[in-house]
Amino acid sequence: MRWISDPLLTVDHLSMRFGGLVAINDLSFSVGRGDITALIGPNGAGKTTVFNCITGFYKPTSGRLALTHGTGAPAGAIDALTRSDLRRTRGANPELFLLERMPDHEISAQARVARTFQNIRLFPGMTVLENLIVAQHKTLMRASGLSLAGLFGLASYRAAERKAFELARAWLNVVGLADRADDPAGDLPYGAQRRLEIARAMCTNPVLLCLDEPAAGLNNRESAELTRLLRGIRSQTGVSILLIEHDMSVVMDISDHVVVIEYGVKIADGTANDVKNDPKVIAAYLGVDDEEVAAAGGGVP
Amino acid sequence: MQNPGDALKKALLAALITFGLSFPIVALRTDTNLSNQLVLTERWSLAFTLSGIAFVAFLLLGLVRPAGDERATPKTARSAAPPHPFTRYLPRIGLAFLIAYPFLAVAISGSAGAVKWIDNFGIQILIYILLGWGLNIVVGLAGLLDLGYVAFYAVGAYSSALLAKNFDLSFWLTLPLAGILAAFWGLLVGLPVLRLRGDYLAIVTLAFAEIVRLVLINWVPVTGGYAGISGIPRPTIFGYSFMPGPDNIATALGLPASPLYRLFFLFYLALVLALAAYWVTTRLRTLPIGRAWEALREDEIACRSLGINTVTTKLSALAAGAFFGGIAGAFFSTRQGFISPESFTFMESAVIVAIVVLGGLGSMVGVAIAAIVMIGGTELLRELDVLKAVFGGEFDPAQYRMLLFGLAMVVLMVLRPKGLVATREPTVRLKPKVARGAPAAE
């Protein structure tokens, strides 16, 4: 139950409205440090909207998204930060971030939250290797000293570039794409593009990796490979993973923690086993009558 | 190959359409005579010649071309074919040719004939190469469609001219200042349009260029309005000038007077500026900022998810592009000695965009070739007196320049939809040379 004892990300009373449409309504859950957390729910439940709020692509209507970079934050530190108008604590240990106040590129660069997309978003015309180098933009940009050090090829920049290169090469080996490094990313087969997108996200050196339907469009063998890949990434880097997934075999196989939402409201939260047997979850997925849910003790008001 | 009957049918149709189109505008021409009356000139032979050309051209095309739709192939052939070895050496061959060019011109057409070849062709083309490479950063690399690039050219030309005339600054100082001022205007136009892309950005930049031109026309006390600015100081080198006078460099060195020294100087100056632009752009492409520009062109949302600040990335691309536009403008003003708003119309922007698109978005060599073809080609059309033999004595090829210019663009875009050089060279490689057909890691 790390999501209670040691939360990395705490989502508090998150709401997102688009005009009259309520996509997320007062949603609260937390992501445990080092856990693989799955966010599931029927189509249109608001899962991707939650992702877009966490990664700053949407500004939530209300609510708080607090992220801590280490353990042992003093009690009340998050509330203190919330009362101030700062986005993050500077120099504090551990560092705290309020994601709802940050623009998307800062969430990636400072709070270190990386994401992939439901419909893959690579840079198709650039090579596989270039995709991974672009992901290290922030580190390289700092080393290139407003491009001047880079323009004149100073040693400090060349060293930083070499390091970026090595990191990219390491991730290429992890996802098994070293042979295709110099091919345009758009030429890769679908499954390889999915793996490349994960490798690219990992090149930003995240503490939280958000995967939007990573197994979509993969066959059974590829799904099993993906499961292995995600486990390997977690055990080697200690990154926490939050994923949206429809493939229940993947979800039940790798998740430490499953959060189920329907119509923007959380209906279940717990380990994979707890959630699997929850009558409300079964109802949401199989479309059982409301009366039956009530009879089964779901407690629909 | 097509069925000859089909080809004949198509050719006849093409000839008929050409005749139908040329009948009202070519065959029947109205002129005003001396007493201000409209008179009708009939030019049936010209109309028939045009239809005949269309007929022959379509017949040949129909007989030579394979029947299937071949326009589908270039799209899939994105990366498969390795670049032709010729393209690898093209930059070096081109550079050697450019360095030797003024001497070749003098050797071939004599010192009097060389003026035209160095000035109208050489220097003119180099200015457009510089402009094309500048716009290539914005359109080709960052993928921001800028239809008002001429505004930065104008800012560079006017700021350099005004600084030189009003503050007596040397050309060597106004040149970088013009670039910096143009880059500043690039940032300024960038700020309000940051959220725009594609068509919307194109419209706003188009409007911006018009605003700049209207300001130049109407701010008479500063810019001289339609009259422009004349007497812009010519560049000097170590205090010696290239214009007739006491400090003329030829007189000082005891050489015979000739306008060629000035042209040689301007040509090599333009060449150095263009090469500097080439060096900076190719360097920038392999730096994080350049890779971020290309990533921005490919997918802006993915950029944001990787921590790339798209605002500063777009602004830096606009500013870098504008900087080279300003440099080109400063050079233009000192070369002409006279500038007026006439030189900075939308047509100029359109030509520069056409050069970048025809050359192949993002390709430095492609843009250079396109500049040579477009600018050199239209200049060359003034020379084509041969055409008089086909169309009759009063035919003036220069009048049909823009028509042929447009025709050439259409043909190029049909044959090479991704531009002359469509292959993209990666900025970094894991292996020096990719082994083709290597098994994929699956």
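Everything numeric in this text was worked out from a predicted model, so none of it was measured. (Residues numbered from 1 in each chain as written. Chains lettered and ligands numbered in written order. Predicted model: local features only at pLDDT ≥ 70, side-chain atom pairs only at ≥ 80, totals over all residues. Heavy atoms only, no water.)

## With respect to the pattern of salt bridges
Opposite charge on two side chains makes pairing possible when the charged atoms of those side chains draw close.
Argument step 1. On inspection of all chains with the given rule, the structure shows 25 salt bridges over all chains.
Argument step 2. Arg64(A) is the salt-bridge partner of Asp79(A), the closest N and O atoms lying 2.8 Å from each other. You can see Asp79(A) sitting in helix H3 (residues 77–83) and its partner Arg64(A) sitting in strand E4 (residues 62–68), a full 15 residues away along the chain.
Argument step 3. The class for Asp79(A) is partly exposed, based on a relative accessible area of 37%.
Argument step 4. Of the charged contacts, one joins Arg304(B) and Asp104(A) as a salt bridge, the two residues approaching to 2.5 Å between their closest N and O atoms. Of this pair, Arg304(B) sits in helix H12 (residues 300–305) while Asp104(A) sits in helix H4 (residues 104–109), placing the two residues on different chains.
Argument step 5. Each of the salt bridges in this network shares a partner with another, and the network as a whole consists of Glu130(A), Arg285(B), Glu294(B), Arg297(B), Glu298(B) and Arg424(B). (Salt bridge = Lys/Arg side-chain N within 4 Å of Asp/Glu carboxyl O. Helix = DSSP H or I, 4+ residues; strand = E, 2+ residues; numbered from the N terminus. Buried < 20%, exposed > 50% of the residue type's maximum accessible area, 1.4 Å probe, protein only.)

## Topic: the side chain of Thr68(A)
Residues and elements named next belong to chain A.
Argument step 1. For Thr68, the position within the fold is in strand E4.
Argument step 2. Within the structure, the side chain of Thr68 is placed 2.9 Å from the side chain of Arg33, a separation counted as a polar contact.
Argument step 3. The contact partners of Thr68, leaving out residues within four places of it in the chain, are Pro7, Leu8, Arg33, Ile78, Glu95 and Leu96. (Polar contact = N/O pair within 3.5 Å; in protein donor to acceptor, adjacent residues only side chain to side chain. Contact = heavy atoms within 4.5 Å.)

## So, the domain arrangement of chain A
Residue and element names in this part refer to chain A.
Argument step 1. Domain boundaries in chain A define domain 1 (1–112 + 207–301) and domain 2 (121–205).
Argument step 2. On a C-alpha basis, the centres of domain 1 and domain 2 stand 28 Å from each other.
Argument step 3. Tallying the contact residues gives 19 residues for domain 1 and 12 residues for domain 2.
Argument step 4. Taken together, the two surfaces of domain 1 and domain 2 that pack against each other cover about 1,200 Å², and 70% of this comes from carbon and sulfur.
Argument step 5. Counting every contact that joins domain 1 to domain 2 gives zero salt bridges.
Argument step 6. On inspection of domain 1 and its partner domain 2, the count reaches four residue pairs in polar contact (both at pLDDT 80 or more). (Domains from an automatic or database assignment. Buried area = accessible area lost by both parts, 1.4 Å probe.)

## Overview of the packing of helix H5 (residues 150–167) of chain B against helix H13 (residues 310–336) of chain B
Residues and elements named next belong to chain B.
Argument step 1. Where H5 contacts H13, the two axes come as close as 6 Å, and the packing angle between them is 50°. When the axes of H5 and H13 are compared, the pair comes out oblique. By crossing handedness, the relation of H5 to H13 is classed as right-handed. Residues Phe152, Tyr153, Gly156, Ala157, Ser160 and Ala161 of H5 touch H13, and the partners they reach there are Ala322, Gly325, Gly326, Ala328, Gly329, Ala330, Phe332 and Ser333. (Axes fitted to C-alpha atoms, helices over the stretch in contact; angles between N-to-C directions. Parallel < 35°, antiparallel > 145°, perpendicular 65-115°, else oblique. Left-handed = near helix turned anticlockwise from the far one by under 90°.)

## Let's talk about the packing of aromatic side chains
All names here are of chain B.
Argument step 1. For the structure shown, the criterion picks out 23 aromatic pairs over all chains.
Argument step 2. Measuring from ring centre to ring centre gives 5.6 Å for Tyr101 and Phe267, while their planes differ by 20°; the resulting arrangement is stacked. With Tyr101 in helix H4 (residues 85–141) and Phe267 in helix H10 (residues 260–285), this residue pair connects regions lying 166 residues apart in the sequence. The burial state of Tyr101 is the same as that of Phe267; both residues are buried. (Phe/Tyr/Trp six-rings, centres within 6.5 Å; stacked < 30°, edge-to-face > 60°.)

## Points about a nonpolar patch on the surface
Argument step 1. Together, Leu404(B), Leu407(B), Val410(B), Val411(B), Val414(B) and Leu415(B) make up a nonpolar patch on the protein surface, roughly 520 Å² of accessible area in all.
Argument step 2. Of note, Val410(B) is situated in helix H17 (residues 401–415). (Patch = residues over 30% accessible without salt bridge, like charges linked within 9 Å, V, L, I, M, F, W, Y side chains within 5 Å. Areas by Shrake-Rupley, 256 points an atom, 1.4 Å probe, with all protein chains shown as cover.)

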